[in-house]
Amino acid sequence: MVAQLIKLRWRLFVNGLVRNKWQLVGVILGALYVGFLLVMGALALASLEPWALPIAQMIVVVLGALVVLGWTVVPAFFTGMDGSMDPQRFALFPIKARTLAPGLLLAGFIGVPGLATLVCMLIAAFAFKVSVGWLIAGLVAGVLSALAAQLYGRTFMAWFSSVGVKRGVRELGTVVLFVPVMFIGPALATLKPDEDPGRLLDMFNTVAEVSSYTPFGAFFGAVWAFASGNVVHGVISTVIGLASLIVCWVLYVRVVEKATVSPPRIVAAKETKGLGWIGRMPATPWGAIAGRALVYWTRDARYSASLIFLPVIIVIFGVVMPLTKVETGIGGHLTAIFVGAIMGFSISADVSYDSTAFHTHVLTGVRGWQDRLGRVAAAAPLSLIAVVVGAVVPLAIMGRPEMIVETLLAGIAALGVALGLSSIVSARWVYAVPQPGESPFQTPQGAGMRIFITQTLYLAAVLVLLAPTLVFFLTSWNGTPVVPPVVSALFNLVWGIGVCVLGIWLGGKWFDRSTPELMQTVIRNA
């Protein structure tokens, strides 16, 4: 049965590549990129001098623990796992959970992420090349760590699928997990490793010791401890790792058994009274669309995630970076521009986010400019508030109040340019996005390359259109303005509004010309 499930997963993987050319290109490029990184890592570990091996072993313990932890929480809250091998899909087959669970677990290594993780763990074992015996122990620890990554991740994900969670819990957990990650860079910068390398090594040593006592880094931590002569530490880490695997395996078998006999939990939608935001907007087509879009902004995590991360961006660029080093103070001045561009980008996939609800726009005969204007009108007030905060708070903290007005107008220009481009992009390029109710950070299979190309071209166009604004702003910040402040202020205001209006008009023309094709693409991606 295990061999049959592995063959089934391989057949599904190959068929998916043959059927979707974008997925095939993405897998090839991803495999080449990951393969290059693995080869470089292997060469780096193979060329290490004996005195550098203890440091490499310490880093391997930390990174190995992070990889296992990532496999545990990231699929549940961000990307999701391959749905073709979900335990609930085997509910109609008379297969016992103890027979099904091993096959599902090992089938997880079929694919670029699973295979790359296994190879990465095996390469990491070369940090213990002090002798053949320690190298073999490192290879065993690498295999067990890769197995733990699959087991922990699938157990947690299967629990999510079988018992279900309330709407909003997944999105809240996503934010709680992602926010600390955004602060890792600034936190490391405060250590100033270029001035005191020993401080950074002491921190890594502490983190490695803590990681070795967790289920995520116990296996590599045990080999590290034994190789360092700390027998007690190694025994404790070994017991923790093996006990965690056994307990998690028992839980996984039970979760698989429950998933194969219980239907997925469906949470009933709550009743609402009145028209809500739709009733508060003007009684026009664009007003109705703006009201519906505001409902999305308040209830749909795919939109509200942008609002949740804005305080984090403001804190990082406007507070942490200026306090870390003097030369990074430019981040505080550019915060409003970053915020404006991000908020404008948030509606670049609004037609895709509509999913099948887009048919209401098609059946009612809404004009393109009305659709584009309604979506911009919903995003503009929230975005303006965010831009004001991004302009005032960092500069007030930095003691540069004289730059607030100019920074605010530059942020408005960035917002207008981004909203105008989003009005064009969302009406022209529709791609697969997370469906309503799914994690906003989940990437649908086969859509990664198309999303990457579209968003890269979008960001490049934003930079090109914002080039005059950035030149005026940076020269003014540097004390050598190329034009008077009044001229740059008027330019930013007129440029931002003009590009936004032009984007609404062009996007509306594209919308009117290709509405049936848009509907077909949305239905195909739903």
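Please read all numbers here as calculations on a predicted model, not as lab measurements. (Residues numbered from 1 in each chain as written. Predicted model: local features only at pLDDT ≥ 70, side-chain atom pairs only at ≥ 80, totals over all residues. Heavy atoms only, no water.)

Chemist: Can you help me understand the overall build of the chain in this one?
Modeler: Helix and strand counts for the chain stand at 23 helices and zero strands. For the chain, the proportion of its 526 residues judged to be buried stands at 44%. For the chain, restricting intrachain contacts to residue pairs at least 6 apart in sequence, the fraction spanning at least 24 positions comes to 79%. For the chain, the exposed surface amounts to about 26,200 Å²; the carbon and sulfur share of it is 73%. (Helix = DSSP H or I, 4+ residues; strand = E, 2+ residues; numbered from the N terminus. Buried < 20%, exposed > 50% of the residue type's maximum accessible area, 1.4 Å probe, protein only. Contact = heavy atoms within 4.5 Å. Areas by Shrake-Rupley, 256 points an atom, 1.4 Å probe, with all protein chains shown as cover.)

Chemist: Help me understand the pattern of salt bridges, please; the structure alone is not making it clear to me.
Modeler: A side chain with one charge may pair with a side chain of the opposite charge, provided their charged atoms come close. Across all of its chains, the model carries five salt bridges by this definition. Salt-bridge contacts for Asp 371 lead to Arg 372; the nearest nitrogen and oxygen are separated by 2.6 Å. Each member of the pair, Asp 371 together with Arg 372, is buried. With a closest N to O distance of 3.0 Å, Arg 375 and Asp 371 form a salt bridge. Residue Arg 375 and its partner Asp 371 are both found in helix α18 (residues 368-398); the two are separated by four residues, about one turn of the helix. Via salt bridges that share partners, Asp 350, Asp 371, Arg 372 and Arg 375 belong to a single interconnected network. (Salt bridge = Lys/Arg side-chain N within 4 Å of Asp/Glu carboxyl O.)

Chemist: I tried to follow the packing of aromatic side chains on my own but got confused; where do I start?
Modeler: The relative placement of two aromatic rings is captured by the distance of their centres and the angle of their planes. The final tally for this structure, using the stated rule, is six aromatic pairs. Here Phe 472 and Phe 491 contribute two aromatic rings whose centre-to-centre distance is 5.4 Å and whose plane-to-plane angle is 80°, an arrangement assigned as edge-to-face. Of this pair, Phe 472 sits in helix α21 (residues 467-477) while Phe 491 sits in helix α22 (residues 485-513), and the two are 19 residues apart along the sequence. Of the residues examined, Phe 472 reaches a relative accessible area of 18% and is grouped as buried. (Phe/Tyr/Trp six-rings, centres within 6.5 Å; stacked < 30°, edge-to-face > 60°.)

Chemist: What should I look at first to understand the confidence of the model for the chain in this one?
Modeler: Detailed conclusions should not be drawn from predicted coordinates in areas where pLDDT is low. Of all residues in the chain, 77% have pLDDT values of 70 or greater, and the mean over the chain is 78. Helix α10 (residues 218-227) holds the highest mean pLDDT among the elements of the chain, 90, whereas helix α8 (residues 184-190) holds the lowest, 58. (pLDDT = per-residue confidence, 0-100.)

Chemist: Whenever I open this one, the nonpolar core confuses me. Can you help?
Modeler: In summary, soluble globular proteins display a tendency toward joint burial of nonpolar side chains. Judged by nonpolar contacts, the single largest core of 38 residues is most densely connected at Phe 128, Phe 220 and Tyr 252. Counting only elements with at least two residues in this core, the list comes to α2 (21-46), α3 (53-79), α4 (97-107), α5 (112-124), α6 (132-163), α10 and α11 (231-259). Here this core takes seven residues from α3, the largest share from any one element. With residues near it in sequence (within four places) discarded, Phe 128 still touches Gln 57, Val 60, Trp 134, Leu 135, Gly 138, Phe 220, Val 223 and Trp 224. One finds Leu 294, Tyr 296, Ala 386 and Ile 504 within the second-largest nonpolar core, a separate group that totals 26 residues. (Core = buried A, V, L, I, M, F, W, Y, C linked by side-chain atoms within 4.5 Å.)

Chemist: Can you help me understand α10 in this one?
Modeler: Three or four residues apart is the spacing at which side chains of an α-helix point the same way, because the helix has 3.6 residues per turn. Most of α10 sits out of view: eight of its 10 residues are buried. Within two residues after α10, Gly 229 carries a phi angle of roughly 90°, on the positive side.

Chemist: Can you walk me through the side chain of Thr 515 in this structure?
Modeler: Turning to its location among the elements, Thr 515 is positioned in helix α23 (residues 515-525). A distance of 2.4 Å separates the side chain of Thr 515 from the backbone oxygen of Phe 511, its partner in a polar contact. Thr 515 has contacts with Phe 358 and Val 362, leaving out every residue within four places of it along the chain. (Polar contact = N/O pair within 3.5 Å; in protein donor to acceptor, adjacent residues only side chain to side chain.)

Chemist: Whenever I open this one, helix α19 (residues 404-428) confuses me. Can you help?
Modeler: Between its terminal C-alpha atoms α19 stretches 36 Å, which fits the 36 Å expected from 25 residues at 1.5 Å a residue. With respect to burial, α19 is a largely interior element, 21 of its 25 residues being buried. (Expected span 1.5 Å × (residues − 1).)

Chemist: What's the story with the side chain of Ser 348 in this structure? I'm lost.
Modeler: Along the chain, the position of Ser 348 falls in the loop between α15 (330-345) and α16 (350-354). On the basis of relative accessible area, Ser 348 is assigned to the buried category, the value being 4%.

Chemist: Before we go on, may I ask you to explain the packing of α18 against α22 in this structure?
Modeler: Helices that pack against each other are described as a pair by the angle of their axes relative to one another and the distance between those axes. Two elements in contact, α18 and α22, have axes whose closest approach is 7 Å; the angle formed by their N-to-C orientations is 135°. The orientation of α18 relative to α22 falls into the category oblique. In this structure, α18 crosses over α22, and the sense of that crossing is right-handed. On α22, the residues touching Gly 368, Trp 369, Asp 371, Arg 372, Leu 373 and Val 376 of α18 are Cys 500, Ile 504, Gly 507, Gly 508, Phe 511 and Asp 512. When grouped by side-chain class, the residues that make up the contact of α18 with α22 number six nonpolar, three polar and three charged. (Axes fitted to C-alpha atoms, helices over the stretch in contact; angles between N-to-C directions. Parallel < 35°, antiparallel > 145°, perpendicular 65-115°, else oblique. Left-handed = near helix turned anticlockwise from the far one by under 90°. Nonpolar A, V, L, I, M, F, W, Y, C, P; charged D, E, K, R; others polar.)

Chemist: Any chance you could explain the environment of Arg 98 here in plain terms?
Modeler: If you trace the backbone, Arg 98 turns up in helix α4. Along the chain, Arg 98 and Glu 257 lie 159 residues apart, while their C-alpha atoms are 8.1 Å from each other.

Chemist: For this particular structure, what's the right way to read the packing of α19 against α21?
Modeler: α21 packs onto α19 with a crossing angle of 165° between their chain directions and a minimal axis gap of 10 Å. Classed by the angle they form, the pair α19 and α21 counts as roughly antiparallel. Here α19 and α21 pass one another in a crossing that is left-handed. Contacts between α19 and α21 involve Glu 406, Thr 407, Ala 410 and Ala 413 on the former and, on the latter, Thr 469, Phe 472, Phe 473 and Ser 476. Per-class residue counts for the contact of α19 with α21 are four nonpolar, three polar and one charged.

Chemist: Please explain a nonpolar patch on the surface as it appears in this structure.
Modeler: Residues Trp 51, Ile 55, Ile 59, Leu 63, Leu 66, Leu 69 and Leu 201 make up a contiguous nonpolar surface patch of about 650 Å² in total accessible area. Here the nonpolar patch takes five residues from α3, the largest share from any one element. Since its relative accessible area comes to 32%, Leu 69 is described here as partly exposed. (Patch = residues over 30% accessible without salt bridge, like charges linked within 9 Å, V, L, I, M, F, W, Y side chains within 5 Å.)

Chemist: Would you explain the environment of Ala 341 in this entry?
Modeler: For Ala 341, the position within the fold is in helix α15. Taking the relative accessible area as the measure of exposure, Ala 341 reaches 21% and is therefore partly exposed. For the pair Ala 341 and Val 462, spaced 121 residues apart in the sequence, the C-alpha separation amounts to 7.8 Å. In contact with Ala 341, not counting residues within four places along its chain, are Ala 414 and Ala 418.

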